[in-house]
Each structure stands twice: as structure tokens, then as C-alpha cells.
Amino acid sequence: MINVYEKDQVLCVEGILEETRSKVFVYLVDGMLIDTGAEKLQEELQDFFNNYSFDQVVLTHHHEDHTGNAAWLQENGGIPLLIHPLGIERVEVDGEYPNYRKITWGNRKAFRAQPLGERIRSRTLDWQVIHTPGHADDNIALFHEASGRLFTGDLFVSPKTRVMMKSESVPLILASLRTLLALPFQSVFCSHAGFLENGRALLEQKLIHLENLQQTITGLYAEGMHPSDIDRQLFQKTYPIVQFSNREWDTRHIVSSVVADYNIKKNRHLRPCANTLGILRRGTEILLEQQFTAHSGGDGPF
Ligand SMILES: [Zn+2]
């Protein structure tokens with residue numbers, strides 16, 4: 001089923017998959033459709049697409065729950081579809097996803113997309129396109145400066161990450177969160193959590209949660225603990241998605257992405273400083289710093 005409602009002059013199309021109680025959102029703002037939803041919702045979404053006016057589609061990333069109806073839109077109306085350059089070739093072939101994802105969302109038929117640049121114009125508004133990898137390498141955010149509206153694709157989803165996909169990366173998610181938190185936004189339109197009035201606070205919460213996790217994992221690894229032991233120590237609960245996804249989702253991907261980043265920085269003689277994010281607010285202006293200190297002899301673990 002879908003529910004359609006308006007927030008901050010954005011039409012929010014909330015798609016609910018009855019079987020798994022999963023949610024995915026499509027947004028319509030100023031004649032620009034953001035994402036196309038899952039194939040499993042095609043009947044209701046096609047009704048929506050037929051009843052509302054829009055002249056371009058921006059895809060937040062290539063995953064099937066966001067691009068599941070893109071081919072239909074291309075065949076029925078020829079509306080331009082735009083995606084980050086890293087997603088272009090991927091969407092030119094039919095999606096090949098594991099069964100559990102097809103059961104949840106359906107699949108993605110091939111379509112042709114055009115590359116997003118750094119800005120995009122909807123009917124009357126200019127939007128900043130911000131590359132925000134971490135969940136997917138082609139994930140983008142859309143930001144409208146004057147109204148402070150921010151669309152984040154799948155970068156946020158929840159404030160406390162406890163299990164993640166094999167293709168995701170904690171350090172990249174952290175870097176993308178810092179990029180977005182440097183912008184003067186308040187509310188967020190997330191593709192799975194919907195409209196978040198307190199979006200800034202939630203993104204900050206996610207940043208702090210992941211920074212703490214990164215610090216703990218890095219500390220244990222530097223002391224010599226094996227990544228699988230770190231995983232067992234930090235994540236003692238079992239999550240149904242781990243089995244359901246045949247481990248495409250797993251707590252251990254959190255640990256391995258942090259350890260991989262640690263080793264890369266170690267080899268570059270750079271040491272990531274935990275909690276070095278400084279968010280300095282000056283009125284509405286937000287400055288943000290991320291620092292890495294160069295290794296100084298005898299001062300660190302390497
Ligand atoms: Zn996704």
C-alpha cells in the first residue's frame with residue numbers, strides 16, 4: 001500500500017510492503033520526482049505517477065527499492081532519469097539481486113539514465129547535488145539552500161547502526177555525514193524513515209554513534225584483538241536479517257569496514273583521531289572540521 005501526504009511542500013509517497021513491513025519513500029517536489037520506489041509497489045505507484053505531474057526523476061542511488069519502477073517510467077512517458085555517474089552502467093542491465101531482496105522489493109529492469117552534475121534545477125528551484133557514499137558508492141543527497149530541505153537517500157535510515165550490508169562502509173558513512181552536517185539544514189527526507197523534522201539531531205546522533213563504534217573497534221584492533229572476536233564482543237545480539245540475507249547484512253561488516261580503513265590509514269602514516277569532529281555553530285553558520293594527525297614518532301600505536 002501507499003500513503004501520500006505533504007511535508008514542507010514536498011509530496012511524500014510512503015510505500016509499505018505488507019509482508020515484511022518494510023517501507024520505502026518516493027518524493028515529489030517542484031515537478032521533480034525523487035526515486036521510483038520498489039517494483040512490488042508498481043500498481044499503486046503507477047497510479048500515482050499517472051495522476052501527478054513531474055518532468056524529471058532524480059535517483060538517490062541504484063538499489064532496486066529506489067529504481068524498481070524507473071524502466072516503466074522511461075517506457076511510459078520518456079521522462080529523463082538522472083543518477084550519479086557511478087550508477088549509470090549498473091542500471092543499464094537488469095538487476096541481479098539475491099532472493100531475499102527480490103522477495104522484499106522485487107527487481108529492477110534495465111533503463112538508461114543520465115549523469116547528475118553538482119547542481120540540478122527543478123521547475124523553479126536550484127538544488128545542490130552532494131555525493132554521499134557509504135551505503136552505496138553512488139548515493140547522493142539533494143539540498144535546497146533557501147528552504148533548508150535535504151533529501152538523503154539511504155545515508156541515514158536509522159540513528160543507531162547495528163548491522164550493515166557487506167558493501168557499506170562506516171568510515172565513508174561518517175565522512176558523508178560530516179559533509180552534510182556542514183550544511184545549514186534542519187529537516188531531512190530519508191528514503192526509508194520518511195520526513196524527519198528533527199533530521200539534524202538524528203544525523204548528529206548517528207555520527208556520534210558511529211564515531212564511538214569506530215573508536216572502540218580501532219582501539220580493540222590496535223590492542224591485537226581479531227576482528228571476529230571484536231564482532232562477538234560488541235554485537236552479542238542476533239538479528240533476523242543476518243540469516244534472512246545469508247549474511248549480506250551482518251554486524252561483522254561494521255567491524256571489517258573500520259579495520260580496513262584503519263589499516264589503509266596506518267599504511268599511509270596517518271592516524272584517525274577519534275571524535276575530532278568539531279561542529280562550531282556561529283548563528284546559523286556551521287563550520288565543521290575533520291582532522292587527521294600525521295604520525296609523530298613514538299606517539300601512537302604505529
Ligand atoms: Zn539502498
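The structure this text deals with has already been given above.
Keep in mind it's a predicted model, so treat the numbers as computed, not measured.

Draft legend 1. The sheet that holds strand 5 (residues 56-58), seen in detail. Strands sit in the order 1-2-3-4-5-6-7 across an open sheet of seven strands; the sheet is mixed. One side of each edge strand has no neighbouring strand; the edge strands of this open sheet are strand 1 (2-7) and strand 7 (114-115). Both strand 2 (residues 10-17) and strand 3 (residues 22-29) contribute to a ladder of seven bridges, which runs antiparallel. Bridge pairing in strand 3 links Leu11 to Leu28. Most of the contacts of helix 1 (residues 42-51) go to strand 1, to which it runs at about 40 degrees, and overall it touches strand 1, strand 2 and strand 3.

Draft legend 2. Representation of helix 6 (residues 199-222). Look at helix 6: 34 Å from first C-alpha to last across 24 residues, which is about the 34 Å you get at 1.5 Å a residue. Among the residues making up helix 6, those that are buried are Gly199, Arg200, Leu203, Lys206, Leu207, Leu210, Leu213, Gln214, Ile217 and Thr218. Elements in contact with the buried residues of helix 6: strand 11 (149-151), helix 5 (170-181), strand 13 (188-190), strand 14 (194-196), helix 7 (227-234) and helix 9 (252-267). Immediately downstream of helix 6, the backbone of Gly224 shows phi near 105 degrees, a positive value.

Draft legend 3. Main features of the environment of Leu86. Within the secondary structure layout, Leu86 lies in the loop between strand 6 (81-83) and helix 4 (99-105). The exposure class of Leu86 is partly exposed, given the 17 C-beta atoms found within 10 Å. Sequence separation of Leu86 and His62 is 24 residues, and the distance between their C-alpha atoms is 9.0 Å. Other than its neighbours up to four places away in sequence, Leu86 contacts Asp137 and Asp138.

Draft legend 4. Summary view of the packing of helix 6 against helix 9. Between helix 6 and helix 9, whose axes approach to 10 Å, the crossing angle comes to 70 degrees. Compared by their axis directions, helix 6 and helix 9 come out roughly perpendicular. For the pair helix 6 and helix 9, the crossing hand works out as right-handed. Residues Leu213, Gln214, Ile217, Thr218 and Tyr221 of helix 6 lie in contact with helix 9, whose contacting residues are Ile254, Val255, Val258, Val259 and Tyr262. Along the lines of polarity and charge, the residues of the contact of helix 6 with helix 9 split into eight nonpolar, two polar and no charged.

Conventions and cut-offs
Residues numbered from 1 in each chain as written. Predicted model: local features only at pLDDT ≥ 70, side-chain atom pairs only at ≥ 80, totals over all residues. Pairing = 2+ DSSP bridges. Helix = DSSP H or I, 4+ residues; strand = E, 2+ residues; numbered from the N terminus. Contact = placed C-beta atoms within 7 Å. Axes fitted to C-alpha atoms, helices over the stretch in contact; angles between N-to-C directions. Expected span 1.5 Å × (residues − 1). Buried ≥ 20, exposed ≤ 12 C-beta atoms within 10 Å, placed from the backbone. Parallel < 35°, antiparallel > 145°, perpendicular 65-115°, else oblique. Left-handed = near helix turned anticlockwise from the far one by under 90°. Nonpolar A, V, L, I, M, F, W, Y, C, P; charged D, E, K, R; others polar.

Everything listed here is a matter of coordinates, which is why it stays silent on function.
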